[in-house]
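# Chain and residue survey
Residue-level listing of the chains:
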Amino acid sequence: MRWKRLPFACLNEVFMDELLKLLQGNALESHANLGKLLNKPAADVSKEIAAYEKTGVIRGYQAVLDEDKLDLDRVTAVIEVKVTPQREGGFNNIATRISKFPEVKSAYLMSGGYDLLLFVEGRNLREVATFVSEHLSPLEGVLSTSTHFMLKTYKRLGVLMQQDSKNERLSVAP
Amino acid sequence: MNASPSLRNRINTVVRDIPRSGIRDFFDIVTTMKDVISLGIGEPDFDTPWHVREATVFALERGATHYSSNLGYIELRRALSKYVAKHFGAEYNPDNEVLVTVGVSEALDLALRALINPGDEVLYHEPCYVSYRATILFAGGKPLAVETKAENGFRLTRAMLEAKCTPKTKVLMLNFPNNPTGAIMSREDLEDIAKFAIEKDLIVITDEIYAELTYDTPHTSIVSIPGLRDRTIFLHGFSKAWAMTGYRLGYACGPAELIDAMMKIHQYTMLCASSLAQKAAIEALTRPEIDVGEMVDEYRRRRNFLASSFKEMGLECHRPLGAFYAFPSVAKFKIPAKEFALKFLHEEKVAIVPGTAFGDCGEGFVRCAYATNLDNIKEAMVRLKRFMATL
């Protein structure tokens, strides 16, 4: 595995391998094309990707959807959770327990006014409310929760959901 | 619309006799067609960085809609002076050695008009940006084209210049990284040219608009070579590295006497560069490394992709080292470059620019700009391969 330092340090991309960056942009790119872009044989690219998959750096490949365009019966709640860290395991035990609920799509440990931030999906408000009141809040170690509902997605995983109108470049320019 | 013969006779003969840009001709054809993939665009496909656009809106709200000083806002000139010192290796006093212009095009025009007496000769290298020859002629100069060659990586050598230089030669124009060839010059290459300029007592005008866009080695400016700063007008701008073409913002740095002469023309013809654009430029310079670095990485990957694709399909191309152009040879097909480009456009709907648009010695070459997204480039390469099989 080769970690390449980028010439310019930028926010979250210091030390990120260029191959991983490309895969984050388009995981469906063929290994032959990735090789052409990175100026290396396709076989090397395949090997590197296999290594990333084996070591668990690459956890999976997903499509980025604009779910607002699908008529889904679904709501997403963002839940702030305050918990008591345990003597052994700190926040990890309780966070893992919570993360295992299939309703929880993402979970993060946070600094600041609360400890865990959850993204929870349900078919409707009632379903999310049930999850909070019957599964989440009663867990030992959970002190309080604060639930917000997501209304509209503007940007997800770095992708703008509403594309700017086509750019107006001339078709041939000096 | 054609002017009537009597009006045509009234037009200045220099202007009348200069042909329209070859690019323009091509553009007129492309605009009549639908769904064309264009590798013919000499401007970045990236959006202007959002913080720069946002700063423009803020400046508009705050009312930066009046004239600035003729030279440009002092805040911008200070930032430019710092930027040039850091990246190009020459110090300029922001008070009287930096002039903010309406793009590098204006700066180039000012520099030539400030220097040229009728009949003075100007050395420049071809293939080159479409405007150079015309701008020299408009300024009353005599253009002396020096042909650079693919086998040389389209670099300029002292021998080439010596073959053309005469006692009437006053100015040497340079443009590296180069549009349309993607060539760059190493420090050693430039040292030879610098010696020549000093020996022949030439003023150098160096257009380094693509300086940030080099892919394998860092850019070297001729102004960093000892003795050159005081005989050189350095031109740069925001169009390429910050994708700000429509802002029309460039600048010139040089010895105070030369900048003052350029300023004279600028104040009477242009007054000042757009105030809003200047405010945006100040913002652009506050965190240049992040925006520019990401774009450079992307261009490099596209360059790699094009170079490998050309190699795979047996199309000869010197490795482009800077700017965002590849300049492959189509000479083996035994048809003129313009015919190649037109046929490719009509049969496969991909626009490339014939090398002849950049000077006569561009015959046998075509310019492919990789300032377009990778999907377009991939598709264009599929079509190019298919097209080449029919020739």
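### Regarding the overall build of chain B
The secondary structure content of chain B amounts to 14 helices and 12 strands. Relative to its length of 391 residues, chain B is compact, with a C-alpha radius of gyration of 21 Å against a globular reference of 21 Å. The 391 residues of chain B split such that 50% are buried. In chain B, 76% of the contacts between residues at least 6 apart in sequence involve partners at least 24 apart.

### Section: the nonpolar core
If you look at the biggest cluster of nonpolar residues, it comprises 133 residues, and the most contacted ones within it are A111, L123 and A252 of chain B. Those residues in contact with A252 of chain B, other than ones at most four positions away along the chain, are L99, T101, A107, L110, A111, I233, F234, L235, I259 and M262 of chain B. In terms of nonpolar packing, the next biggest core, distinct from the first, is built from 15 residues, I79, A95, I98 and V128 of chain A among them.

### Quick word on the sheet that holds strand 8 (residues 250–253) of chain B
All names here are of chain B. An order of 2-8-7-6-5-3-4 is seen for the seven strands of this open sheet, with the pairing classed as mixed. Strand pairing shows two members of the sheet lacking a second neighbour, strand 2 (98–101) and strand 4 (142–147), which therefore form its edges. If you compare each strand with its neighbour and ignore which way they point, the axes differ by 20° on average. Alignment of strand 5 (residues 169–174) against strand 6 (residues 203–207), held across four bridges, turns out to be parallel. In the strand pairing of strand 6, M173 is matched with I205. Strands strand 2, strand 7 (232–237) and strand 8 of the sheet are contacted by helix 5 (residues 74–88), whose axis makes an angle of about 110° with strand 2.

### Here we look at the domain arrangement of chain B
Interfaces are frequently sized by the accessible area removed from exposure as the parts join. Residues and elements named next belong to chain B. Once the domains are mapped, chain B shows domain 1 (5–48 + 290–389) and domain 2 (50–287). Taking only C-alpha atoms, the centre of domain 1 and the centre of domain 2 are 24 Å apart. Listed per partner, the contact involves 35 residues of domain 1 and 37 residues of domain 2. At seven residues, the largest contribution of residues to the side of domain 1 that touches domain 2 is made by helix 12 (residues 288–312). Looking at the side of domain 1 that touches domain 2 residue by residue, the classes come out as 19 nonpolar, 10 polar and six charged.

### Remarks on the interface of chain A and chain B
Taken together, the contact between chain A and chain B spans 15 residues of the former and 26 residues of the latter. Considering only residue class, the side of chain A that touches chain B consists of 10 nonpolar, three polar and two charged.

### With respect to the environment of L271 of chain B
All names here are of chain B. In this fold, L271 is placed in the loop between helix 10 (256–269) and helix 11 (275–286). Remark: the alpha-carbon pair of L271 and N70, spanning 201 residues in sequence, is separated by 5.7 Å. Contact partners of L271, with chain neighbours within four places excluded, come to Y67 and N70.

### What about the sheet that holds strand 9 (residues 325–326) of chain B?
Residue and element names in this part refer to chain B. Pairing is antiparallel across the open sheet formed by three strands, whose spatial order is 9-12-11. The sheet is open, and its two borders are formed by strand 9 and strand 11 (353–354), each paired with just one other strand. As judged from the two bridges shared by strand 11 and strand 12 (residues 366–369), these two strands associate in the antiparallel manner. Paired with P354 across the two strands is V366, which belongs to strand 12.

### Looking at the environment of L384 of chain B
Residue and element names in this part refer to chain B. Mapped onto the fold, L384 is located in helix 14 (residues 374–389). Judged by local crowding, L384 falls into the buried class, with 22 C-beta atoms found within 10 Å. It is 23 Å that separates the C-alpha atoms of L384 and A183, two residues lying 201 residues apart in sequence.

### As for the confidence of the model for chain A
When the pLDDT values of chain A are averaged, the result is 88; 89% of them are 70 or greater. Here residues 1–14 of chain A is modelled with pLDDT under 50, and outside its nearest four sequence neighbours on either side it reaches 20 contacts, counting other chains as well.

How each quantity is defined
- Residues numbered from 1 in each chain as written.
- Chains lettered and ligands numbered in written order.
- Predicted model: local features only at pLDDT ≥ 70, side-chain atom pairs only at ≥ 80, totals over all residues.
- Helix = DSSP H or I, 4+ residues; strand = E, 2+ residues; numbered from the N terminus.
- Rg over C-alpha atoms; globule rule 2.2 N^0.38 Å.
- Buried ≥ 20, exposed ≤ 12 C-beta atoms within 10 Å, placed from the backbone.
- Contact = placed C-beta atoms within 7 Å.
- Core = buried A, V, L, I, M, F, W, Y, C linked by C-beta atoms within 7 Å.
- Pairing = 2+ DSSP bridges.
- Axes fitted to C-alpha atoms, helices over the stretch in contact; angles between N-to-C directions.
- Domains from an automatic or database assignment.
- Nonpolar A, V, L, I, M, F, W, Y, C, P; charged D, E, K, R; others polar.
- pLDDT = per-residue confidence, 0-100.

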